[in-house]
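Tertiary structure, described
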Amino acid sequence: MEDYTPQFSDDDEDLYEHYAFDVEKGQKPLRIDKYLMNFVENATRNKIQTAAKEGSVFVNGIPVKPNYKVKPYDKIRVLFKHPPHGNLLVGEPIDLDIVYEDNALLVVNKPAGMVVHPGHGNYSGTLINGLIYRFENLPNNSSERPGLVHRIDKDTSGLLVVAKTEHAMAYLSMQFAEKTSEREYVALVWGNIEQEEGTIEGAIGRHPKNRLQNTVYLGDDADKGKPAVTHYKVLERFGYVTLVSCILETGRTHQIRVHMKHIGHTLFNDERYGGDKILKGTTFTKYKQFVENCFKVLPRQALHAKTLGFEHPVSGKFMRFETPLPEDLEACIEKWRNYAKHQEIE
């Protein structure tokens with residue numbers, strides 16, 4: 001096996017790896033600056049070109065220029081002299097909506113738009129920045145992130161539990177791993193779901209062509225992802241969109257977003273997965289304007305972590321918390337509710 005250890009000069013010994021990609025076997029020749037734009041969130045082509053010109057982009061252990069064309073099986077590494085920003089945690093005085101708190105844990109209602117932990121262009125203003133400002137000596141999880149038992153996406157709103165002690169971290173993490181915690185989300189999805197309720201099963205892993213997305217792998221390809229199970233139930237139908245409750249049995253990245261897209265019902269206004277386009281409905285200009293107005297009211301994916309339940313690590317009591325739908329999601333649902341009534345009258 002060839003040795004692809006980066007070839008550093010003496011003054012480059014303290015470089016830190018920020019990104020690492022192994023190029024798929026079916027990759028066609030593509031400039032590395034264009035390639036990395038598909039894989040690094042919030043990266044601009046100019047930033048990537050600058051990094052390459054400064055000798056920070058390595059392919060198979062050798063620094064390359066921005067015009068290098070990637071080939072199948074290339075090993076790409078992006079290294080800088082400073083550690084990843086995720087390792088540079090700084091406390092910040094951020095207002096947190098704390099639903100419950102005791103000596104072992106706290107439950108936070110995260111607003112849409114707040115990133116849970118630093119990384120990929122979001123290095124401040126995150127939930128963790130606010131937590132470490134407010135609490136000292138939070139325990140690290142397996143990814144060295146203080147307090148975090150689980151996470152939800154930046155543009156998803158809703159409930160998170162945070163551990164304040166090592167015992168609470170271990171106890172709560174075990175419940176999430178063993179699927180004994182309770183997590184219910186409310187989502188607005190494109191299309192009229194046929195079944196009143198159902199279960200989606202399909203391993204979830206990185207999309208082979210777009211690292212910013214995940215996808216479902218089935219059959220012989222199932223080992224490319226991790227097992228994932230989502231139970232859904234229809235709450236309300238509005239014709240071209242459906243309001244659903246989703247209960248997670250597992251907690252994979254983007255699980256509800258990926259699973260609902262997999263069955264043909266992409267989340268409403270989910271830009272990353274194509275839900276920010278009109279996927280169901282008429283061709284009338286009036287309808288198009290209505291949907292665009294809904295997008296303005298709810299400028300994010302229609303997903304809210306509504307219910308969170310777990311056994312308390314000290315008392316052993318099962319605790320359940322609920323938070324109402326945020327104003328933007330409620331307003332969007334109300335617009336669809338009125339639209340559906342109007343359609344029935346016609």
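Structure shown above.
Below is a summary of the structure that appears in this document. What you are looking at is a predicted structure, and each value in this text was computed from that prediction instead of being measured. (Residues numbered from 1 in each chain as written. Predicted model: local features only at pLDDT ≥ 70, side-chain atom pairs only at ≥ 80, totals over all residues. Heavy atoms only, no water.)

**Side note on the nonpolar core**
Ranked by internal contacts, the top residues of the largest apolar core, which has 29 residues, are Leu127, Leu131, Tyr185, Ile256 and Met260. For this core, the secondary structure elements donating two or more residues are strand S8 (105–110), helix H3 (127–134), strand S9 (157–163), strand S10 (182–190), strand S14 (229–237), strand S15 (241–248), helix H5 (255–262) and strand S16 (303–311). (Core = buried A, V, L, I, M, F, W, Y, C linked by side-chain atoms within 4.5 Å. Buried < 20%, exposed > 50% of the residue type's maximum accessible area, 1.4 Å probe, protein only. Helix = DSSP H or I, 4+ residues; strand = E, 2+ residues; numbered from the N terminus.)

**Some thoughts on the packing of aromatic side chains**
For the structure shown, the criterion picks out 15 aromatic pairs. Ring centres 6.3 Å apart and planes at 15° place the aromatic pair Tyr19 and Phe21 in the stacked group. A residue is classified by how much of its surface remains accessible, and Tyr19, at 17% relative accessible area, is buried. Residue Phe21 is classed as buried on the basis of its relative accessible area, which comes to 4%. (Phe/Tyr/Trp six-rings, centres within 6.5 Å; stacked < 30°, edge-to-face > 60°.)

**Here's the deal with the pairing of S10**
Burial analysis of S10 places eight of its nine residues in the buried class, which makes it a mostly covered element. Sheet topology note: the S10/S16 ladder contains six bridges and is antiparallel. Directly across from Tyr185, in S16, lies its bridge partner Ala305. Direction of pairing for S10 relative to S15: antiparallel, over a ladder of seven bridges. Paired with Glu184 across the strands is Ile247, a residue of S15. (Pairing = 2+ DSSP bridges.)

**Quick notes on the state of the cysteines**
Simply put, the disulfide is a covalent bond whose two ends are the sulfur atoms of two cysteines. This structure, assessed with the given rule, holds zero disulfides. The structure places no disulfide on Cys294, whose sulfur is separated from the nearest cysteine sulfur, that of Cys332, by 4.5 Å. In this structure Cys294 comes out as buried when scored by relative accessible area, which is 0%. (Disulfide = S-S within 2.5 Å.)

**Observations regarding the pattern of salt bridges**
Within this structure, the stated rule accounts for 16 salt bridges. Notably, a salt bridge pairs Asp22 with Lys75, separated by 3.7 Å at the nearest N-O pair. In this pair, Asp22 sits in strand S1 (residues 16–22) while Lys75 sits in strand S6 (residues 75–80), placing the two residues 53 residues apart along the sequence. Salt-bridge contacts for Arg237 lead to Glu196; the nearest nitrogen and oxygen are separated by 2.8 Å. Here the residue Arg237 occupies a position in strand S14, and Glu196 occupies one in the loop between S10 and strand S11 (197–201), the gap between them amounting to 41 residues. (Salt bridge = Lys/Arg side-chain N within 4 Å of Asp/Glu carboxyl O.)

**With respect to helix H2 (residues 45–53)**
Burial in H2 covers these residues: Ile48, Gln49, Ala51 and Ala52. Axial view of H2: buried residues confined to an arc of 160°, hence all on one face. Within H2, the exposed residues directed more than 90 degrees away from the buried face are Asn46, Lys47 and Lys53. Where H2 is buried, its residues touch strand S2 (30–31), helix H1 (32–37), strand S3 (57–59) and S6. Immediately beyond the C-terminal end of H2, within one or two residues, lies Gly55, with a positive phi of roughly 80°. (Arc of directions from axis to C-beta. Contact = heavy atoms within 4.5 Å.)

**Quick look at the side chain of Ser56**
Position of Ser56 among the secondary structure elements: in the loop between H2 and S3. Those residues in contact with Ser56 that lie beyond four places of it in its chain are Ala51, Arg77, Val78, Leu79 and Phe80.

**Regarding H3**
What H3 keeps buried is the set Leu127, Ile128, Asn129, Gly130 and Leu131. Residues of H3 that are buried in the fold lie against S8 and S9.

**Considerations on empty space enclosed by the protein**
Going through the model one piece at a time under the given rule, you end up with one cavity of 30 Å³ or more. Space inside the largest cavity adds up to approximately 30 Å³. In terms of lining, the largest cavity is formed by His150, Leu159, Arg183, Tyr185, Ala305, Thr307 and Leu308. Taken together, the elements giving at least two residues each to the lining of the largest cavity come down to S10 and S16. Looking at which element gives the most residues to the lining of the largest cavity, the answer is S16, with three residues. Of the residues belonging to the lining of the largest cavity, the class tally is four nonpolar, two polar and one charged. (1 Å grid on protein atoms, 1.4 Å probe; cavity = no way out; pocket = protein on both sides within 12 Å on 5 of 7 lines; lining within 4 Å. Points joined across faces, edges and corners; volume = space filled by probe spheres on them. Nonpolar A, V, L, I, M, F, W, Y, C, P; charged D, E, K, R; others polar.)

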